[in-house]
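# Breakdown of the fold
Given next are the chains, with one letter for each unit.
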Amino acid sequence: MSLKENSLEQIANGKPVRIFMPLIDRPDRIRAQCIYQQRSAPKFSLIFKPGILPVDDIDTSKPAIINVDLGGPALSLEANIVNISNSQTLEMIITKTINHDQMREFFRVDAITNVISKSFETSLFDPANEQQAVAGKTVDISGSGILAIFDNPPPQTATIRLEITVPSAESETITAFAHQVRLTQLHDGRYEAAYHFDDISDEARDSIIGTCLVLQRQMLRLKVQVRNK
C-alpha cells in the first residue's frame, strides 16, 4: 500500500473534513465542510449538504485541498475531482499527501498586510498591560503563524493577541492568540518578530489557508509569465 493510500486509511468513514475547492475563472477558493466517504483507494468521496456545492463554478481541472483533523497534526490531501454526482457528492482521487512540516510551508506565503500585536495578561493586578499594542506589517503568513516587522518593540508577554488583516478579496480581520518564537532588531532599528498561533478558530485558520492558496497560485502564474518572456 502506497503512502497516499495509507493516508486514506487513517480517515474514518463518515468523518467531517474541510475542502478548499478551485473555482472557474476566479483566483479564490471556496471552503466548505463535508463528510468523508471511503472507497477503494486511491479513490474516495466527499458528501455535502444539499445546496452547498456551487456545481457550475467548480474547476475540475485543478486539484482541491482537503484538511483533516486527526486529533494531532492535521493531515492534508491534494486530490483531483473526478466527477460531481447528484449535485452534492464529489468523487475524488488522491494525488499526494501533505505532512505537518510540508503543510506549514505549503500554506505559507509572502504577504504584506496589517497586524497589531497586543499584550494579553490574565493577571487582575496588572490591567495596564492589556492596553499595550504595537502595529506592524506581516512579512509572511501561514496557517500556523506569522513573521512581522514593527517600528517599535512589540509586547513581550507570554501570550500575545494578534489582530491580522487577511489579504483576501473581502478583507477581514481575524484574531489569534500566539507566543513569540523569535525577536530580532534589524539594522534599520525596526523589529522582526516570529509568532506561532496557540489559539485560533477553525474559521480564522481556514481564512488564512484559503488566502495562502490564492496567493500561491498568483505567484505561480507570475513565474510562468516571467519564464515565458
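Attention in this report is confined to the structure presented alongside it. All values reported here derive from a predicted model rather than from experimental measurement.

## Details of the overall build of the chain
Each helix and strand counted, the chain has 3 helices and 13 strands in total. Looking at the 229 residues of the chain, the share that counts as buried comes to 41%. Of the roughly 12500 Å² of accessible surface on the chain, a fraction of 49% belongs to carbon and sulfur atoms.

## Describing the sheet that holds strand S2 (residues 29-38)
Backbone-to-backbone hydrogen bonds join strands into a sheet, with any given pair of strands oriented parallel or antiparallel. The strand order around the closed barrel built from 6 strands is S1-S2-S3-S6-S5-S4, with neighbouring strands paired in antiparallel fashion. This sheet shows a mean twist of 45 degrees between the axes of neighbouring strands, independent of strand direction. With 5 bridges joining them, strand S4 (residues 64-68) and strand S5 (residues 75-85) adopt antiparallel strand pairing. Residue Val68 lies in a different strand from S5, and its bridge partner there is Leu75.

## Some words on the side chain of Glu192
Turning to its location among the elements, Glu192 is positioned in strand S13 (residues 191-199). Of the side chains with opposite charge, Arg182 comes closest to the buried, unpaired Glu192, at an N-O distance of 4.1 Å. Ignoring any residue separated from it by four or fewer positions in sequence, one finds Glu192 in contact with Leu147, Ala148, Ile149, Arg182, Leu183, Thr184 and Leu186.

About the criteria used
- Residues numbered from 1 in each chain as written.
- Predicted model: local features only at pLDDT ≥ 70, side-chain atom pairs only at ≥ 80, totals over all residues.
- Heavy atoms only, no water.
- Helix = DSSP H or I, 4+ residues; strand = E, 2+ residues; numbered from the N terminus.
- Buried < 20%, exposed > 50% of the residue type's maximum accessible area, 1.4 Å probe, protein only.
- Areas by Shrake-Rupley, 256 points an atom, 1.4 Å probe, with all protein chains shown as cover.
- Pairing = 2+ DSSP bridges.
- Axes fitted to C-alpha atoms, helices over the stretch in contact; angles between N-to-C directions.
- Lys, Arg positive; Asp, Glu negative; His and termini not counted.
- Salt bridge = Lys/Arg side-chain N within 4 Å of Asp/Glu carboxyl O.
- Contact = heavy atoms within 4.5 Å.

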